[in-house]
Amino acid sequence: MVQLGFDAPAPKRGRPGYDREQVLAVAVKVFNEQGYDATSVADLSATLGLTKSALYHHFESKSAILELALDDALDALEAVVDDATARHPLASDRLRSIIRGAVRVLTEKLPSVTLLLRVRGNGEVETSALVRRRAFDQRVTAIVAEAQAEGLIRDDVDAAVATRLIFGMINSVVEWYRPGGPVDPDELGEDILRVSLDGLQSRSAD
(Lines give C-alpha, C1' and ligand atoms only; values in the text may rest on other atoms or scores of the structure.)
Protein backbone atom coordinates (compact mmCIF):
# COMPACT_ATOMS: atom_id res chain seq x y z
CA MET A 1 0.00 0.00 0.00
CA VAL A 2 1.44 3.40 -0.97
CA GLN A 3 1.58 5.92 1.87
CA LEU A 4 1.01 9.33 0.40
CA GLY A 5 3.13 11.26 2.84
CA PHE A 6 0.46 13.61 4.16
CA ASP A 7 -2.07 13.46 6.92
CA ALA A 8 -5.72 14.13 6.31
CA PRO A 9 -7.19 17.04 8.26
CA ALA A 10 -8.96 16.08 11.47
CA PRO A 11 -12.60 15.24 10.74
CA LYS A 12 -15.07 18.04 11.33
CA ARG A 13 -18.70 17.23 11.78
CA GLY A 14 -21.57 19.23 10.41
CA ARG A 15 -22.55 20.52 7.00
CA PRO A 16 -20.46 21.12 5.02
CA GLY A 17 -17.71 20.38 7.62
CA TYR A 18 -14.95 20.40 5.02
CA ASP A 19 -14.45 22.62 2.05
CA ARG A 20 -14.42 21.04 -1.42
CA GLU A 21 -10.62 20.80 -1.64
CA GLN A 22 -10.37 19.07 1.73
CA VAL A 23 -13.02 16.54 0.76
CA LEU A 24 -11.14 15.86 -2.46
CA ALA A 25 -7.81 15.41 -0.64
CA VAL A 26 -9.25 12.97 1.88
CA ALA A 27 -11.17 11.03 -0.77
CA VAL A 28 -8.08 10.62 -2.98
CA LYS A 29 -6.10 9.41 0.03
CA VAL A 30 -8.78 6.78 0.75
CA PHE A 31 -8.96 5.77 -2.92
CA ASN A 32 -5.21 5.23 -2.98
CA GLU A 33 -5.20 3.24 0.24
CA GLN A 34 -8.23 1.04 -0.40
CA GLY A 35 -8.64 1.17 -4.18
CA TYR A 36 -11.30 3.23 -5.90
CA ASP A 37 -13.62 0.31 -6.67
CA ALA A 38 -13.35 -1.00 -3.11
CA THR A 39 -14.21 2.38 -1.57
CA SER A 40 -17.86 3.17 -0.97
CA VAL A 41 -19.51 6.50 -0.32
CA ALA A 42 -20.13 5.20 3.19
CA ASP A 43 -16.37 4.69 3.60
CA LEU A 44 -15.71 8.28 2.55
CA SER A 45 -18.44 9.62 4.82
CA ALA A 46 -17.07 7.68 7.77
CA THR A 47 -13.51 8.87 7.18
CA LEU A 48 -14.63 12.47 6.85
CA GLY A 49 -17.04 12.26 9.77
CA LEU A 50 -19.82 13.53 7.54
CA THR A 51 -23.24 12.29 6.60
CA LYS A 52 -23.73 11.14 3.03
CA SER A 53 -25.93 14.16 2.36
CA ALA A 54 -23.14 16.47 3.56
CA LEU A 55 -20.70 14.68 1.26
CA TYR A 56 -23.09 15.06 -1.66
CA HIS A 57 -23.21 18.77 -0.84
CA HIS A 58 -19.69 18.93 -2.32
CA PHE A 59 -19.78 16.19 -5.00
CA GLU A 60 -22.71 14.63 -6.77
CA SER A 61 -21.10 11.17 -6.86
CA LYS A 62 -18.00 9.15 -6.08
CA SER A 63 -17.11 9.16 -9.76
CA ALA A 64 -17.24 12.98 -9.79
CA ILE A 65 -14.50 12.99 -7.14
CA LEU A 66 -12.44 10.56 -9.20
CA GLU A 67 -12.89 12.62 -12.36
CA LEU A 68 -11.75 15.83 -10.67
CA ALA A 69 -8.68 14.14 -9.19
CA LEU A 70 -7.66 12.57 -12.49
CA ASP A 71 -8.26 15.82 -14.36
CA ASP A 72 -6.04 17.61 -11.85
CA ALA A 73 -3.13 15.28 -12.66
CA LEU A 74 -3.73 15.14 -16.40
CA ASP A 75 -4.22 18.89 -16.81
CA ALA A 76 -0.89 19.52 -15.09
CA LEU A 77 0.99 16.95 -17.19
CA GLU A 78 -0.51 18.23 -20.44
CA ALA A 79 0.42 21.78 -19.45
CA VAL A 80 4.06 20.66 -19.10
CA VAL A 81 4.12 19.51 -22.73
CA ASP A 82 2.24 22.62 -23.90
CA ASP A 83 4.71 24.88 -22.11
CA ALA A 84 7.76 23.01 -23.41
CA THR A 85 6.41 23.13 -26.96
CA ALA A 86 5.74 26.87 -26.74
CA ARG A 87 9.13 27.73 -25.24
CA HIS A 88 11.65 25.48 -26.96
CA PRO A 89 12.19 25.17 -30.73
CA LEU A 90 14.57 22.23 -30.34
CA ALA A 91 13.06 18.87 -29.43
CA SER A 92 16.04 18.06 -27.21
CA ASP A 93 15.29 21.14 -25.08
CA ARG A 94 11.57 20.30 -25.06
CA LEU A 95 12.34 16.80 -23.81
CA ARG A 96 14.54 18.08 -20.98
CA SER A 97 11.83 20.54 -19.99
CA ILE A 98 9.17 17.81 -20.05
CA ILE A 99 11.20 15.50 -17.82
CA ARG A 100 11.80 18.25 -15.27
CA GLY A 101 8.18 19.36 -15.46
CA ALA A 102 6.73 15.86 -15.13
CA VAL A 103 8.81 15.21 -12.02
CA ARG A 104 7.64 18.53 -10.59
CA VAL A 105 3.98 17.64 -11.25
CA LEU A 106 4.44 14.24 -9.64
CA THR A 107 6.01 15.64 -6.47
CA GLU A 108 3.50 18.51 -6.20
CA LYS A 109 0.43 16.41 -6.99
CA LEU A 110 1.57 13.05 -5.66
CA PRO A 111 -1.86 11.76 -4.51
CA SER A 112 -3.70 12.56 -7.76
CA VAL A 113 -0.85 11.29 -9.96
CA THR A 114 -0.69 8.09 -7.88
CA LEU A 115 -4.40 7.62 -8.49
CA LEU A 116 -3.95 8.28 -12.22
CA LEU A 117 -1.24 5.64 -12.50
CA ARG A 118 -3.59 3.04 -10.98
CA VAL A 119 -6.61 3.45 -13.24
CA ARG A 120 -7.34 0.46 -15.46
CA GLY A 121 -10.28 1.63 -17.54
CA ASN A 122 -13.06 0.45 -15.24
CA GLY A 123 -15.88 2.78 -16.14
CA GLU A 124 -16.30 5.89 -18.27
CA VAL A 125 -14.18 8.20 -16.10
CA GLU A 126 -11.21 5.86 -16.02
CA THR A 127 -11.51 5.11 -19.74
CA SER A 128 -11.48 8.82 -20.55
CA ALA A 129 -8.40 9.30 -18.36
CA LEU A 130 -6.59 6.47 -20.14
CA VAL A 131 -7.37 8.04 -23.52
CA ARG A 132 -5.77 11.27 -22.32
CA ARG A 133 -2.77 9.39 -20.93
CA ARG A 134 -2.22 7.68 -24.26
CA ALA A 135 -2.45 11.02 -26.06
CA PHE A 136 0.12 12.45 -23.65
CA ASP A 137 2.44 9.50 -24.25
CA GLN A 138 2.07 9.91 -28.01
CA ARG A 139 2.98 13.60 -27.82
CA VAL A 140 6.09 12.84 -25.78
CA THR A 141 7.04 9.96 -28.09
CA ALA A 142 6.89 12.32 -31.07
CA ILE A 143 9.25 14.70 -29.26
CA VAL A 144 11.61 11.83 -28.42
CA ALA A 145 11.64 10.88 -32.11
CA GLU A 146 12.51 14.48 -33.02
CA ALA A 147 15.28 14.45 -30.40
CA GLN A 148 16.62 11.29 -32.04
CA ALA A 149 16.67 13.08 -35.38
CA GLU A 150 18.58 15.94 -33.75
CA GLY A 151 21.13 13.48 -32.38
CA LEU A 152 20.41 13.78 -28.64
CA ILE A 153 18.80 10.36 -28.25
CA ARG A 154 20.32 7.24 -29.77
CA ASP A 155 18.28 6.09 -32.72
CA ASP A 156 18.77 2.35 -32.16
CA VAL A 157 16.11 2.50 -29.42
CA ASP A 158 12.49 2.77 -30.54
CA ALA A 159 11.08 6.19 -29.62
CA ALA A 160 8.04 4.66 -27.90
CA VAL A 161 10.26 2.32 -25.88
CA ALA A 162 12.54 5.21 -24.90
CA THR A 163 9.50 7.19 -23.74
CA ARG A 164 8.29 4.25 -21.63
CA LEU A 165 11.73 3.86 -20.07
CA ILE A 166 11.93 7.54 -19.18
CA PHE A 167 8.45 7.67 -17.70
CA GLY A 168 8.88 4.32 -16.02
CA MET A 169 11.62 5.97 -14.00
CA ILE A 170 9.55 9.10 -13.34
CA ASN A 171 6.40 7.20 -12.40
CA SER A 172 8.27 4.90 -10.00
CA VAL A 173 8.83 7.91 -7.76
CA VAL A 174 5.26 7.54 -6.41
CA GLU A 175 6.39 4.40 -4.62
CA TRP A 176 8.98 6.06 -2.42
CA TYR A 177 8.94 9.87 -2.61
CA ARG A 178 7.68 11.62 0.54
CA PRO A 179 6.78 15.33 0.46
CA GLY A 180 8.83 17.15 3.06
CA GLY A 181 11.36 14.31 3.20
CA PRO A 182 15.11 14.44 2.59
CA VAL A 183 14.84 14.34 -1.22
CA ASP A 184 14.67 17.80 -2.77
CA PRO A 185 12.07 17.70 -5.58
CA ASP A 186 14.00 20.08 -7.85
CA GLU A 187 17.21 18.09 -7.47
CA LEU A 188 15.23 14.90 -8.05
CA GLY A 189 14.15 16.25 -11.43
CA GLU A 190 17.78 16.91 -12.34
CA ASP A 191 18.83 13.45 -11.14
CA ILE A 192 16.19 11.73 -13.25
CA LEU A 193 17.11 13.91 -16.20
CA ARG A 194 20.75 12.90 -15.95
CA VAL A 195 20.12 9.19 -15.40
CA SER A 196 17.41 8.82 -18.05
CA LEU A 197 19.17 10.73 -20.81
CA ASP A 198 22.71 9.52 -20.08
CA GLY A 199 21.75 5.94 -20.91
CA LEU A 200 19.85 6.99 -24.03
CA GLN A 201 22.31 9.60 -25.19
CA SER A 202 23.60 9.29 -28.70
CA ARG A 203 27.34 8.66 -28.88
CA SER A 204 27.60 11.53 -31.33
CA ALA A 205 26.16 13.83 -28.63
CA ASP A 206 29.01 13.08 -26.22
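Below, the structure is looked at part by part. (Residues numbered from 1 in each chain as written. Predicted model: local features only at pLDDT ≥ 70, side-chain atom pairs only at ≥ 80, totals over all residues. Heavy atoms only, no water.)

Remarks on the packing of aromatic side chains
Part 1 of the argument: Throughout the structure, instances matching the rule amount to two aromatic pairs.
Part 2 of the argument: Seen in terms of ring centroids, F136 and F167 are 5.5 Å apart; in terms of plane orientation they differ by 90 degrees. Their pairing is edge-to-face. Of the two residues, F136 is situated in helix α7 (residues 124-150) and F167 in helix α8 (residues 159-171); the sequence distance between them amounts to 31 residues.
Part 3 of the argument: Its guanidinium or amino end placed over the ring of Y36, K62 lies 4.2 Å from that ring's centre, counting from NZ or CZ. (Phe/Tyr/Trp six-rings, centres within 6.5 Å; stacked < 30°, edge-to-face > 60°. Helix = DSSP H or I, 4+ residues; strand = E, 2+ residues; numbered from the N terminus. Lys NZ or Arg CZ within 6 Å of the ring centre and 35° of its normal.)

Describing the side chain of T141
Part 1 of the argument: Looking at where T141 falls in the secondary structure, it is placed in helix α7.
Part 2 of the argument: Taking the relative accessible area as the measure of exposure, T141 reaches 18% and is therefore buried.
Part 3 of the argument: A distance of 2.8 Å separates a polar atom in the side chain of T141 from the backbone oxygen of D137.
Part 4 of the argument: When neighbours within four sequence positions are excluded, T141 is seen to be in contact with A159, A160 and T163. (Buried < 20%, exposed > 50% of the residue type's maximum accessible area, 1.4 Å probe, protein only. Polar contact = N/O pair within 3.5 Å; in protein donor to acceptor, adjacent residues only side chain to side chain. Contact = heavy atoms within 4.5 Å.)

Thoughts on the pattern of salt bridges
Part 1 of the argument: Under the defined criterion, the tally for this structure stands at 13 salt bridges.
Part 2 of the argument: Here D191 and R194 are joined by a salt bridge, their closest N and O atoms 2.5 Å apart. Placement of the pair is D191 and R194 together in helix α9 (residues 185-200), with a separation of three residues, close to one helical turn.
Part 3 of the argument: You can call D191 partly exposed: its relative accessible area is 33%.
Part 4 of the argument: Each member of the salt-bridge network shares a partner with another, and the members are D71, D75, E78 and R132. (Salt bridge = Lys/Arg side-chain N within 4 Å of Asp/Glu carboxyl O.)

Focus on the environment of R178
Part 1 of the argument: Summarising the element assignment, R178 is placed in the loop between α8 and α9.
Part 2 of the argument: In this structure the side chain of R178 is engaged in a polar contact, spanning 3.3 Å, whose partner is the backbone oxygen of W176.

Structural notes on the nonpolar core
Part 1 of the argument: By size, the foremost hydrophobic cluster in this structure holds 64 residues, and its most contacted members are L70, L95, I98, I99, F167, I170 and L197.
Part 2 of the argument: Looking at this core, the element that brings in the most residues is helix α4 (residues 62-87), giving 11 residues.
Part 3 of the argument: What L95 contacts, discounting residues up to four positions off in sequence, is I143, V144, A147, I153 and L197. (Core = buried A, V, L, I, M, F, W, Y, C linked by side-chain atoms within 4.5 Å.)

Concerning the layout of surface pockets
Part 1 of the argument: Quantified by volume, the largest pocket comes out at close to 320 Å³.
Part 2 of the argument: Forming the boundary of the largest pocket are 18 residues, of which R133, F136, D137, F167 and N171 lie nearest the centre.
Part 3 of the argument: For the lining of the largest pocket, the element with the highest residue contribution is α8, accounting for seven residues.
Part 4 of the argument: Partitioning the lining of the largest pocket into residue classes produces 11 nonpolar, four polar and three charged.
Part 5 of the argument: Considering only enclosed or pocket space, the second largest pocket measures out at about 260 Å³ in volume. (1 Å grid on protein atoms, 1.4 Å probe; cavity = no way out; pocket = protein on both sides within 12 Å on 5 of 7 lines; lining within 4 Å. Points joined across faces, edges and corners; volume = space filled by probe spheres on them. Nonpolar A, V, L, I, M, F, W, Y, C, P; charged D, E, K, R; others polar.)

Re the environment of A42
Part 1 of the argument: For A42, the position within the fold is in helix α2 (residues 41-48).
Part 2 of the argument: A relative accessible area of 37% means that A42 is categorised as partly exposed.
Part 3 of the argument: For A42 and K52, which are 10 residues apart along the polypeptide, the C-alpha to C-alpha distance reads 6.9 Å.

Section: the side chain of T114
Part 1 of the argument: Relative to the helices and strands, T114 resides in helix α6 (residues 110-118).
Part 2 of the argument: There is a polar contact of 2.7 Å between the side chain of T114 and the backbone oxygen of L110.

Description of α6
Part 1 of the argument: Burial of α6 is extensive: eight of the nine residues sit out of reach of the surface.
Part 2 of the argument: The complete set of buried residues in α6 reads L110, P111, S112, V113, T114, L115, L116 and L117.
Part 3 of the argument: Buried residues along α6 sit in contact with α1 (20-34), α4, α5 (91-108), α7 and α8.

Regarding the packing of α7 against α8
Part 1 of the argument: Packing of α7 against α8 brings their axes to within 8 Å, and their N-to-C directions diverge by 115 degrees. Taken as a pair, α7 and α8 cross one another with a handedness that is right-handed. On α8, the residues touching R133, F136, D137, V140, T141, V144, A145 and Q148 of α7 are A159, A160, A162, T163, F167 and N171.
Part 2 of the argument: Of the residues that constitute the contact of α7 with α8, the class distribution is eight nonpolar, four polar and two charged. (Axes fitted to C-alpha atoms, helices over the stretch in contact; angles between N-to-C directions. Left-handed = near helix turned anticlockwise from the far one by under 90°.)

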